[in-house]
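# Coordinates in review
Spelled out, the chains give:
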Amino acid sequence: EAEITKTRSLSGAAFIDFPVDQPVIYRGYRRNAAELGKIKATIDSVRYDKDISIVSVWLKGYASPEGPYANNERLAKGRTEALVDYVRNLYSFPAGLMTTSWEAEDWQGLVDYVKKSTLADRDDILALITDNSLAPDAREWRLKSRFPEQYAFLLKEVYPALRHSDYAVNYNIRNYTTVEEIAAVMASAPQKLSLEELFRL
């Protein structure tokens, strides 16, 4: 089956620091300039290429599990919207190009960390944090009360990384028609070619 539309994606995660309990972005706050720069660099790497058209920019924000779930949902949503506004102000993307979602608490990120860790009581902690019969707030309260030392460690060392914004830039690459054009692209940016174009070459 020939690849008619060449659709590609670039993605990553940015760790933007927000002031406690606030959904506002300060570029100069902590490492934000570098983290926001990662998103901009990803978009810019395809935006100025005449052969490429950006199809969508997707952003998903996460908060970490400490504190009430309802508050974390408000933060994850608000922080995602703040990031969308930030990106919109940098580029004049058409309406509808940017899509977003958010997750109140990144439990999966916590599970992934604990699985690989050498924490004391690791298996018991894993059983607790994967117990979906418990509401998130109950799970977090039990983690804090049953494993206070490990919780203190996770809160300090792991939770900050659970507050992240994932992003993806999806784009199409135009088709190349002549063998000469395909050869030129092969020499400079072979990743832009489809299998069909490689066969033609």
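Residue positions within a chain follow its written sequence, with the count starting from 1. Only residues with pLDDT of at least 70 get local features here, since the model is predicted, and only at 80 or more are side-chain atom pairs given and counted; chain-wide, interface and lining totals rely on the full set of residues. Heavy atoms from the whole structure form the basis of all side-chain values; hydrogens and water molecules are not counted.

Next up on the list: the packing of helix α5 (residues 136-146) against helix α6 (residues 148-157). To get an axis, a line is fitted to the C-alpha atoms, and for a helix only the part in contact is used. The angle between two axes follows their N-to-C directions and goes from 0 to 180 degrees. Secondary structure elements follow DSSP: runs of H or I of four or more residues count as helices, runs of E of two or more count as strands, with numbering from the N terminus. As a packed pair, α5 and α6 sit with axes 5 Å apart at the nearest point and diverge in direction by 115°. Together, E140, L143, K144, S145 and R146 of α5 and P148, Y151 and L154 of α6 make up the contact between the two elements. Under this grouping Gly is polar, as are all residues other than the nonpolar Ala, Val, Leu, Ile, Met, Phe, Trp, Tyr, Cys and Pro and the charged Asp, Glu, Lys and Arg. For the contact of α5 with α6, the class distribution of residues is four nonpolar, one polar and three charged. Only heavy atoms enter the contact rule, under which two residues are in contact if any of them lie within 4.5 Å.

To continue, consider the packing of aromatic side chains. Paired rings are identified among Phe, Tyr and Trp, the last through its six-membered ring, by centres lying within 6.5 Å, and are further divided according to the angle between planes into stacked (under 30 degrees), edge-to-face (over 60) and tilted (the rest). Taken as a whole and assessed by the stated rule, the structure comprises two aromatic pairs. Seen from their ring centres, Y91 and F93 are 5.1 Å apart, and the 25° between their planes marks the pair as stacked. Taken individually, Y91 and F93 each receive the classification buried, so the pair is uniform in this respect. Measuring from ring centre to ring centre gives 6.0 Å for Y151 and Y159, while their planes differ by 80°; the resulting arrangement is edge-to-face. For the pair formed by Y151 and Y159, the shared burial category is buried. When a residue's accessible area, from a 1.4 Å probe over protein chains only, is under 20% of the maximum for its type it is buried; when over 50% it is exposed; and in between it is partly exposed.

By the secondary structure assignment, P68 is in the loop between β2 (52-62) and α2 (69-90). Along the backbone, P68 and L162 are 94 residues apart, and their C-alpha atoms lie at a distance of 15 Å. Not counting residues within four places of it along the chain, the set of residues in contact with P68 comprises E105 and D137.

Attention now moves to the sheet that holds strand β3 (residues 98-103). Strands are treated as partners if at least two bridges between them are detected by DSSP. Pairing is mixed across the open sheet formed by four strands, whose spatial order is β1-β4-β2-β3. If you trace the sheet from one side to the other, it starts and ends with β1 (6-14) and β3, each paired once. Along the sheet, successive strands turn relative to each other by an average axial angle of 15°, direction set aside. Where β1 meets strand β4 (residues 165-173), nine bridges bridge the pair, whose relative direction is antiparallel. Its bridge partner being in β4, G12 is matched across the sheet by Y167.

Looking at the secondary structure, you find S165 in strand β4. Not counting the four nearest positions on each side in its chain, S165 is found in contact with G12, A13, A14, I16, K60, G61 and L83.

Where helix α1 (residues 32-47) meets α2, the axes come as close as 12 Å, and the angle between the chain directions of the two elements is 50°. Here α1 lies oblique to α2, going by the angle between them. Crossing geometry of α1 relative to α2 is assigned as right-handed. Here L36, I39, K40 and I43 of α1 lie close against α2, whose contacting residues are L83, Y86, V87 and L90. Throughout this description, any angle smaller than 35 degrees is read as roughly parallel, any larger than 145 degrees as roughly antiparallel, any in the 65 to 115 degree range as roughly perpendicular, and the remainder as oblique. Handedness of a crossing is defined here by the sense of rotation of the near helix relative to the far one, left-handed for an anticlockwise turn of less than a right angle and right-handed for a clockwise turn.

The next thing to look at is a nonpolar patch on the surface. There is a patch of nonpolar side chains on the surface, built from V179, M186, L195, L198, F199 and L201 and spanning about 580 Å² of accessible area. Secondary structure elements with two or more residues in the nonpolar patch: α8 (179-188) and α9 (195-200). Examining the composition of the nonpolar patch, we find that three residues originate from one element, α9, more than from any other. Within the secondary structure layout, L198 lies in helix α9. Looking at L198, the relative accessible area reads 34%, which means it is partly exposed. Residues form patches when they are more than 30% accessible in relative terms and have no salt bridge. Like charges link within 9 Å. Nonpolar side chains (Val, Leu, Ile, Met, Phe, Trp, Tyr) link within 5 Å. The protein chains shown are the only cover counted for residues, whose accessible areas, like all others here, come from Shrake-Rupley with a 1.4 Å probe. In the sections that follow, a salt bridge refers to a side-chain nitrogen of Lys or Arg positioned within 4 Å of a carboxyl oxygen of Asp or Glu.

The definition of a nonpolar core used throughout is a set of buried Ala, Val, Leu, Ile, Met, Phe, Trp, Tyr and Cys residues joined through side-chain atoms within 4.5 Å. With 29 residues, the main nonpolar core has I16, I25, I39, I43, I54, V87 and F93 as its most contacted residues. Looking at this core, the elements with two or more residues in it are α1, β2, α2, β4 and α8. The element that contributes the greatest number of residues to this core is α2, accounting for five residues. Within the second largest apolar cluster, 17 residues are counted, among which are L119, I125, Y151 and L162.

Moving on, we get to the side chain of D106. On the secondary structure map, D106 appears in the loop between β3 and α3 (107-116). For the purpose of counting charges, residues Lys and Arg are taken to be positive, whereas Asp and Glu are taken to be negative. His and the chain ends are not included. K60 provides the closest opposite charge to the buried, unpaired D106, separated from it by 7.9 Å. The residues touching D106, leaving out its near neighbours within four places in the chain, are Y62, A63, L162 and H164.

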